[in-house]
Amino acid sequence: QAKREADLEAWKQKMDTILSDLAKQIGNYTDIESEKYEKHYAESLAAMETVDGIHYDSVEKRVWVFSRFGQTQCDIIMRNDTHMFVVEVKHNPKLKTFGQIMRQRELLEQIYPRYRGNIRLGIAAEVIQPQILEKAKALGIYILEEKAGELRITLPNAISPSST
């Protein structure tokens with residue numbers, strides 16, 4: 001009985017090690033894929049320069065913002081003197097993504113008061129479910145998608161379940 005328990009414990013430890021290594025590999029793969037999507041969307045937005053009639057002077061990706069109000073990491077930020085466009089890049093966004101980006105906007109408005117009221121939000125995604133479109137429209141959030149090799153930005157007032 002004692003040998004069997006020892007063998008079982010050794011097997012559990014081996015499996016824990018294997019699963020831990022696998023989790024690290026999956027995490028690394030996810031990071032690589034996220035970086036690839038963020039880079040692609042940032043380059044596409046930089047080439048466009050204008051979103052919804054507003055010209056932006058700069059595009060930054062993976063921006064960490066720290067202040068006494070808090071900290072946040074934004075996937076993509078476009079800026080000019082008066083406006084900021086913050087884009088969260090997700091493969092398949094969930095409803096909790098909206099809470100995250102709404103908190104980002106609140107924090108950015110505290111840190112950069114000159115942008116207060118002029119921070120636009122967007123979600124760039126490969127897969128967009130109908131409930132995500134509905135929530136984006138309700139909150140005034142832009143949807144960015146890659147369609148036929150081109151970046152397509154759907155304005156909040158133009159979102160419908162058949163938009164994508």
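Since this is a predicted model, take the numbers as computed values, not measurements.

1. What about the nonpolar core?
- Within the largest apolar cluster, 22 residues are counted, with the highest numbers of intra-cluster contacts made by Met84, Val86, Leu108, Ile119, Ile123 and Ile141.
- Secondary structure elements with two or more residues in this core: β3 (58-67), β4 (70-79), β5 (84-90), α2 (96-111), β6 (119-125) and α3 (130-139).
- It is α2 that provides the largest number of residues to this core, a total of 5 residues.
- Excluding residues that lie within four positions of it along the chain, Met84 makes contacts with Tyr56, Ile77, Met78, Arg79, Leu108, Tyr112, Tyr115, Asn118, Ile119 and Arg120.
- The next biggest cluster of nonpolar side chains, apart from the first, holds 16 residues, and it includes Ala42, Val51, Val89 and Tyr142.

2. What to know about the packing of aromatic side chains
- Per the counting criterion, the structure on display carries 4 aromatic pairs.
- For the ring pair Trp64 and Phe66, a centre distance of 5.7 Å and an interplane angle of 15 degrees mean the geometry is stacked.
- Given a relative accessible area of 54%, Phe66 falls into the exposed group.
- Among the aromatic side chains, those forming a connected cluster through ring pairs are Tyr56, Phe85 and Tyr142.

3. A few points about the pattern of salt bridges
- A full pass over the atoms with the stated rule returns 7 salt bridges.
- As a salt-bridge pair, Asp7 and Lys3 come within 3.1 Å of each other at their nearest N and O atoms. On the criterion of helical spacing, the pair formed by Asp7 and Lys3 is a turn pair, its members being 4 residues apart in helix α1 (residues 2-48).
- By relative accessible area, which is 43% here, Asp7 ends up partly exposed.
- Residue classification places Lys3 among the exposed residues on the basis of a relative accessible area of 60%.
- Here the salt bridges do not stand alone but share partners, grouping Glu145, Lys147 and Arg152 into one network.

4. Some points on the side chain of Thr97
- Inspection of the secondary structure puts Thr97 in helix α2.
- With sequence-adjacent residues up to four places away left out, Thr97 is seen in contact with Glu88, Lys90 and Ile123.

5. Here we look at α2
- With 16 residues, α2 should cover 22 Å at 1.5 Å per step; its first-to-last C-alpha distance of 23 Å lies within 8% of that length.
- Of the residues making up α2, those classed as buried are Thr97, Phe98, Ile101, Gln104, Arg105, Leu107, Leu108, Glu109 and Ile111.
- Of the surrounding secondary structure, the elements contacted by the buried residues of α2 are β3, β4, β5, β6 and α3.

6. Notes on unusual backbone geometry
- Despite not being glycine, Asp52 has its phi angle at roughly 55 degrees, a positive value.
- Inspection of the secondary structure assignment puts Asp52 in the loop between β1 (50-51) and β2 (54-55).
- For Asp52, a relative accessible area of 41% puts it in the partly exposed group.
- If you check the backbone angles, Ala148 has positive phi at about 50 degrees while not being a glycine.
- Summarising the element assignment, Ala148 is placed in the loop between β7 (142-147) and β8 (150-154).
- Here Ala148 falls in the exposed class, since its relative accessible area comes to 86%.

The rules behind each value
- Residues numbered from 1 in each chain as written.
- Predicted model: local features only at pLDDT ≥ 70, side-chain atom pairs only at ≥ 80, totals over all residues.
- Heavy atoms only, no water.
- Core = buried A, V, L, I, M, F, W, Y, C linked by side-chain atoms within 4.5 Å.
- Buried < 20%, exposed > 50% of the residue type's maximum accessible area, 1.4 Å probe, protein only.
- Helix = DSSP H or I, 4+ residues; strand = E, 2+ residues; numbered from the N terminus.
- Contact = heavy atoms within 4.5 Å.
- Phe/Tyr/Trp six-rings, centres within 6.5 Å; stacked < 30°, edge-to-face > 60°.
- Salt bridge = Lys/Arg side-chain N within 4 Å of Asp/Glu carboxyl O.
- Expected span 1.5 Å × (residues − 1).

Spatial relationships are all this shows, so hold off on functional conclusions.
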